[in-house]
Amino acid sequence: MKNVLTIAGSDSCGGAGIQADLKTFSAHGVYGMSVITAVTAQNTQGVFAVEDISAELIKKQIEAIYDDIKVDAVKIGMVSKIETITTISETLQRYYVKNIVVDPVMISKSGYHLLQPEAKTALINNLLPLATVVTPNLMEAEVITGVEIKNIENMKKAALLIHKMGPQYILIKGGHLEDEATDLLYDGDDFYYYPSPRIQTKNTHGTGCTLSSAIASNLARGLSINLAIEKAKEYITIAIQNSFSIGKGVGPTHHFHELYSKVGLID
Ligand SMILES: Nc1ncnc2c1ncn2[C@@H]1O[C@H](COP(=O)(O)OP(=O)(O)O)[C@@H](O)[C@H]1O
Ligand SMILES: Cc1ncc(COP(=O)(O)OP(=O)(O)O)c(N)n1
């Protein structure tokens, strides 16, 4: 059994954050563990409150896991504020952690600042250099680089700049492009494309969380970065195709082991 950790925020409605990550890990047949950085009061219509977990408790959660259990990959999601970011970075470095997927979560689809704007530089300086792969969406890549991103050429320009900030691989997600949902990977030498037709649905809550957790699961299972992303892209595409409405707003994606094993995405 491979063990995968998520360091992220809790989403009370279960579509994003820790809850989406753990569902994704289960669907991939890996053992999921969590370090909670913040608790959000959230549903399909928005985020209504956030309470951050103390840096001390975040550190103790990470230590509790790494002092006892072998971790094959870690995904980092919502990190809220400067102290949270520096604590995660310092603590992970003590354990020489490998296979780190950083999803630089900034603003929810509903418009709530899940990363305090003043913490942007701390995220860039402390987490990007640790990342095996960083997975910004278009807006996050714009904030990180200052490049306006409307098309693949802009994505390539941003990827080159983000690579200079330290991550080994950069995956810029194209879920917010106008036509196809093409994701772009840059490995420091070459670009790789992961296209899919745009699926017409409003139910895309937690797509970014799901993709990054699927990549972490695949890295833990020993897949190469290209295959880990290719399989994760297949997973998120089917998860969105099978997304559904709960509540009045943006519904979640679908995570069922049976569904994915049928189409051969996992063993
Ligand atoms: N409507 C859609 N149709 C197909 N793929 C999508 C759609 N929306 C998002 N995706 C895919 O979901 C993943 C998450 O992307 P994105 O929605 O851009 O991230 P975030 O949730 O961080 O904003 C990417 O692989 C992206 O291509
Ligand atoms: C607790 C928590 N973490 C992350 C997010 C953002 O998730 P994402 O996958 O980008 O999905 P949307 O919010 O954009 O639907 C979140 N909402 N909550």
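The rules behind these values
Residues numbered from 1 in each chain as written. Chains lettered and ligands numbered in written order. Predicted model: local features only at pLDDT ≥ 70, side-chain atom pairs only at ≥ 80, totals over all residues. UniProt positions renumbered as here; feature names shortened; annotations may be inferred. Helix = DSSP H or I, 4+ residues; strand = E, 2+ residues; numbered from the N terminus. Rg over C-alpha atoms; globule rule 2.2 N^0.38 Å. Buried ≥ 20, exposed ≤ 12 C-beta atoms within 10 Å, placed from the backbone. Contact = placed C-beta atoms within 7 Å. pLDDT = per-residue confidence, 0-100. Near = placed C-beta within 6 Å. Nonpolar A, V, L, I, M, F, W, Y, C, P; charged D, E, K, R; others polar.

Under the annotation held in an unreviewed UniProt entry, the chain carries the name Hydroxymethylpyrimidine/phosphomethylpyrimidine kinase and is attributed to Alkaliphilus peptidifermentans DSM 18978. Looking at the chain in UniProt, the text filed under Sequence similarities (unreviewed entry) is "Belongs to the ThiD family."

1. Observations regarding the overall build of the chain
Broken down by element type, the chain carries nine helices and nine strands. Against the compact-globule benchmark of 18 Å for 267 residues, the chain has a radius of gyration of 17 Å, which places it among compact chains. With respect to the three principal axes, the spread of C-alpha positions in the chain is 45 × 40 × 40 Å. By residue count, 50% of the 267 residues in the chain fall in the buried class. Pairs at least 24 residues apart make up 69% of the contacts formed inside the chain by residues separated by at least 6 positions.

2. What to know about the UniProt feature "domain: Pyridoxamine kinase/Phosphomethylpyrimidine kinase" (unreviewed entry) in the chain
In this numbering, the UniProt entry assigns the feature "domain: Pyridoxamine kinase/Phosphomethylpyrimidine kinase" (unreviewed entry) to residues 11–254. In residues 11–254, the share of helix is 39% and the share of strand is 17%. The end C-alpha atoms are 16 Å apart.

3. Brief notes about the confidence of the model for the chain
One rule of thumb: low pLDDT means the predicted coordinates there are not for detailed reading. Looking at the chain, pLDDT values average 96 and 97% of them are 70 or higher. In the model output, the complex is listed with pTM 0.97 alongside ipTM 0.97.

4. What to know about the site of ligand 2
Taken together, 19 residues sit near ligand 2, with Gly9, Ala16, Gly17, Lys109 and Gly208 positioned nearest. Of all the elements in the fold, those that place two or more residues in the shell around ligand 2 are strand S1 (3–11), strand S2 (31–43) and helix H7 (207–220). Among the elements that take part in the shell around ligand 2, S1 stands out by supplying four residues, more than any other. By residue class, the composition of the shell around ligand 2 is six nonpolar, eleven polar and two charged.

5. Focus on the site of ligand 1
Asn137, Gly175, Ala181, Ile199 and Gly208 are the nearest of the 18 residues found near ligand 1. If you list the elements that add at least two residues to the shell around ligand 1, you get H7 and helix H8 (225–241). The leading source of residues in the shell around ligand 1 is H8, at four residues. Across the shell around ligand 1, the residue classes tally to five nonpolar, nine polar and four charged.

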